[in-house]
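# A look at the structure
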Amino acid sequence: MPIDAAQALAAEPRSTEIAWEHKDVQLYHLGLGAGVPATDPDELRYTLESRLHVLPSFATVAGAGMGVVGGLSAPGIDVDLAAVLHGGQGITLHRPIPVRGRAVSTSKVAAVHDKGKAAILVLRTEVADGDGPLWTSDAQIFVRGEGGFGGDRGPSARVEQPERAPDRTVERAVREDQALLYRLSGDWNPLHADPDFAKLAGFDRPILHGLCTYGMTLKAVVDTLLDGEVGRVRSYTTRFTGVVFPGETLRVRMWQEQGRVHVSVTAVERDDAPVLSDTVVEHI
C-alpha cells in the first residue's frame, strides 16, 4: 500500500539544521511579485537588503525544510508526485523571522486523513533557534487515489465568511514567468514548469505553486490593512480550492475584524473561480 498510516505516524520526528540569509529572503519576495514599482519605498522593504523585513510566509521555504515534496519521503509514504496537490497551509509565528538565521527544523507526519477517493497528509514542522521557537508550520497534502484505507476522515469545519461586502478588494497580477522564479526558493515539482508533466497531472499547462499564491495573498493583506508591518502577523491559514495559471490576475477580498482578517482569493479571468478559501490572518 502506498501510504502506511500507522508507520508514517509512528516514525520519529526528523530534525535538520537550516539557515538563510538576506538573498534567500529577497529571492522569495521577488518570486511573489515584490519590487513593482522598483523604487517604491514600500516595495524596497521586500527587495533592498538595507531596509529588508521578512514576510512571515517565508517560513514555508526557509532552509527548504521538510516541505511539501520532502515530506513525501517520510517512512510509510510512497506516492506518485503527479497525484499530489497542496490542500492547505497554516503557519503560526512565535516571533518575527530574522533576515539572517540558523535554526533547527523538526518535522513529522502529524496526521493521515482518509477522504475516500484521496488521502490527506498533515506535515508539521517546528522551527527554533538559539533564542527559542520561531514558527510552527502545518501543510495539508492532498493525494488523489490513496484514500479508502479505513482511516479517520479528519476535521471538515469551514471558516464562516462575513455576510457583508468586503472592506477592501485588491488585484494582483501573476507574471508569465512567476512560477519559474518562485521555484528557485526550493519547490522543484515539475508540475510548475514542465508542460508535459503538467499534462500527466491533468492540466493543459504548468500551474502556479499554491504557496506562491499563499505568499502573494499575505503580502496583499499586510500592505493593504496592516500598514506594511510584517511583525503584526501572528498566524495565517488557508485552504487551496483552485489552481492559478501564470499570466492570470488574483482578486483578493478582505474583511477586517478585531485581531483578524478574513480573505477570499479568486481568479479574475476565469469568472472569479475560487483559489483560496477559509483564509484567516490573525494579527496584533
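See the structure printed just above.
Read on for a plain summary of the structure. Owing to the predicted nature of the structure, the values given are computational and were not obtained by experimental measurement.

## Here we look at the pairing of strand E10 (residues 273–283)
Across the 11 residues of E10, 9 count as buried, placing the element largely inside the fold. Bridge analysis of strand E7 (residues 233–240) against E10 gives 6 bridges, and the strand direction is antiparallel. Directly across from Arg-239, in E10, lies its bridge partner Ser-277. When strand E9 (residues 260–267) meets E10, the two strands line up antiparallel, connected through 7 bridges. Paired with Ala-267 across the strands is Ala-273, a residue of E10.

## A short note on the nonpolar core
Counting 52 residues, the largest nonpolar core has Trp-20, Phe-58, Ile-97, Trp-135, Val-222 and Met-254 as the members making the most contacts within it. Looking at this core, the element that brings in the most residues is helix H6 (residues 210–225), giving 9 residues. Sequence-distant contacts of Trp-20, that is, excluding residues within four places in its chain, are made with Val-25, Phe-58, Ala-62, Ile-97, Pro-98, Val-99, Arg-100, Gly-101, Ala-103, Leu-134 and Trp-135. If you look at the next biggest cluster of nonpolar residues, it comprises 16 residues, including Leu-72, Val-84, Ala-119 and Leu-121.

## Description of the packing of aromatic side chains
By the definition in use, this model includes 6 aromatic pairs. A ring pair is formed by Trp-20 and Trp-135, whose centres lie 5.8 Å apart and whose planes are at 55°; its orientation type is tilted. Of this pair, Trp-20 sits in strand E1 (residues 14–20) while Trp-135 sits in strand E5 (residues 132–144), and the two are 115 residues apart along the sequence. Residue Trp-20 is classed as buried on the basis of its relative accessible area, which comes to 4%. Residue Trp-135 is classed as buried on the basis of its relative accessible area, which comes to 1%. The aromatic ring of Tyr-46 is capped on one face by Lys-219, whose charged end is 4.6 Å from the ring centroid.

## Considerations on the side chain of Ser-107
Among the structural elements, Ser-107 can be located in strand E3 (residues 101–114). Taking the relative accessible area as the measure of exposure, Ser-107 reaches 4% and is therefore buried. At 3.0 Å, the side chain of Ser-107 forms a polar contact with the side chain of Thr-125.

## Details of the sheet that holds E10
Within a sheet, each strand pairs with its neighbour through backbone hydrogen bonds, oriented either parallel or antiparallel. Here we have 10 strands laid out as an open sheet, ordered E1-E3-E4-E5-E2-E7-E10-E9-E8-E6, and antiparallel in their pairing. The sheet terminates laterally at E1 and strand E6 (168–173), the two strands that pair on one side only. Neighbouring strand axes in the sheet, compared pairwise and without regard to direction, differ in orientation by 20° on average.

## Focus on the environment of Ile-141
Within the secondary structure, Ile-141 is located in strand E5. Here Ile-141 falls in the buried class, since its relative accessible area comes to 0%. Here the alpha-carbon distance between Ile-141 and Tyr-236, two residues 95 residues apart in the chain, equals 17 Å.

## Remarks on unusual backbone geometry
Along the chain, Val-36 connects to Pro-37 via a cis peptide bond; the corresponding omega equals -5°. Here the phi dihedral of Asp-272 falls at roughly 60°; this positive angle occurs in a residue that is not glycine. Take Asp-272: it is sitting in the loop between E9 and E10.

## As for helix H2 (residues 22–31)
Buried within H2 are the following residues: His-22, Val-25, Gln-26, Tyr-28, His-29 and Gly-31. Contacts made by the buried residues of H2 are with E1, helix H3 (41–47), helix H4 (178–182) and H6. Positive phi appears at Gly-33, one or two residues downstream of H2, with a value of about 95°.

Rules used throughout
- Residues numbered from 1 in each chain as written.
- Predicted model: local features only at pLDDT ≥ 70, side-chain atom pairs only at ≥ 80, totals over all residues.
- Heavy atoms only, no water.
- Buried < 20%, exposed > 50% of the residue type's maximum accessible area, 1.4 Å probe, protein only.
- Helix = DSSP H or I, 4+ residues; strand = E, 2+ residues; numbered from the N terminus.
- Pairing = 2+ DSSP bridges.
- Core = buried A, V, L, I, M, F, W, Y, C linked by side-chain atoms within 4.5 Å.
- Contact = heavy atoms within 4.5 Å.
- Phe/Tyr/Trp six-rings, centres within 6.5 Å; stacked < 30°, edge-to-face > 60°.
- Lys NZ or Arg CZ within 6 Å of the ring centre and 35° of its normal.
- Polar contact = N/O pair within 3.5 Å; in protein donor to acceptor, adjacent residues only side chain to side chain.
- Axes fitted to C-alpha atoms, helices over the stretch in contact; angles between N-to-C directions.

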